[in-house]
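# Secondary and tertiary structure notes
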Amino acid sequence: QVQLVESGGGLVQAGGSLRLSCAASGRTFSTYTRAWFRQAPGKEREFVAAISWSGSTYYTDSVKGRFTISRDNAKNTVYLQMNSLKPEDTAVYYCAARLVAESRTPGQYYYWGQGTQVTVSS
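Residues numbered from 1 in each chain as written. Predicted model: local features only at pLDDT ≥ 70, side-chain atom pairs only at ≥ 80, totals over all residues. Heavy atoms only, no water.

### Here's the deal with the overall build of the chain
Helix and strand counts for the chain come out as zero helices and 11 strands. Secondary structure elements in the chain, listed N-terminal to C-terminal, are β-β-β-β-β-β-β-β-β-β-β. The C-alpha radius of gyration computed for the chain amounts to 13 Å, which stays within 12% of the reference 14 Å derived for 122 residues, consistent with globular compactness. Dimensions of the chain, computed from the C-alpha atoms along their principal axes, are close to 40 × 25 × 25 Å. Considering only contacts within the chain whose residues lie at least 6 apart along the sequence, 59% involve residues at least 24 apart. Only carbon and sulfur atoms are counted for the fraction: they give 47% of the accessible area of the chain, which is about 6,100 Å². (Helix = DSSP H or I, 4+ residues; strand = E, 2+ residues; numbered from the N terminus. Rg over C-alpha atoms; globule rule 2.2 N^0.38 Å. Contact = heavy atoms within 4.5 Å. Areas by Shrake-Rupley, 256 points an atom, 1.4 Å probe, with all protein chains shown as cover.)

### Section: the pairing of strand β7 (residues 67-72)
With burial as the criterion, only one face of β7 is covered, namely that bearing Phe67, Ile69 and Arg71; the residues Thr68, Ser70 and Asp72 on the opposite face remain uncovered. Looking at chain direction, β7 and strand β8 (residues 77-82) are connected through six bridges and run antiparallel. Paired with Asp72 across the strands is Thr77, a residue of β8. The hairpin turn running from β7 into β8, its antiparallel successor, is four residues long, and Asn76 in that turn takes a positive phi close to 55°. (Buried < 20%, exposed > 50% of the residue type's maximum accessible area, 1.4 Å probe, protein only. Pairing = 2+ DSSP bridges.)

### A word on the environment of Tyr79
Mapped onto the elements, Tyr79 comes out in strand β8. When the C-alpha atoms of Tyr79 and Val63 are compared, they prove to be 15 Å apart, with 16 residues separating the residues in sequence. Beyond its immediate chain neighbours, meaning those up to four positions away, Tyr79 contacts Arg19, Leu20, Ser21, Trp36, Thr68, Ile69, Ser70 and Asp72.

### Considering the pattern of salt bridges
It is possible for side chains of opposite charge to pair when their charged atoms get near one another. Considering all chains together, one arrives at five salt bridges under this definition. Across the salt bridge formed by Glu46 and Arg38, the nearest N and O atoms sit 2.6 Å from each other. Note on Glu46: relative accessible area 36%, which makes it partly exposed. Between Asp61 and Lys64 there is a salt bridge, with the nearest N and O atoms lying 3.1 Å from each other. Overall, the relative accessible area of 61% leaves Asp61 in the exposed class. Taken together, the shared-partner salt bridges in this structure form one network comprising Arg38, Glu46, Arg66 and Asp89. (Salt bridge = Lys/Arg side-chain N within 4 Å of Asp/Glu carboxyl O.)

Nothing here speaks to function; it is all geometry.
Laid out in structure tokens, this is it:
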């Protein structure tokens, strides 16, 4: 059974940092695009960042320069380092995976984690 399990969320003050992890099990994801999405209350799920199997990275404009996505294929894990956090970053963060090319559309991802809450206080 394939599982993606996020961890690392929590409460942080504005300007602080958090590092999210997403550990996969049940299959190897080294050839998959791995991504992070987030969903704030009352809003649609939105793309945050993605990393391709080759290591190419993609970010939504609002997190460029503040967030860094990385992966460790030996651990089947993807990370999201979040610095200079803002209250508008508050959301449930989900990791996802899909075979082949990067996509910013949630519906194109097949595997999802259960989410981890990130709350940034002002």
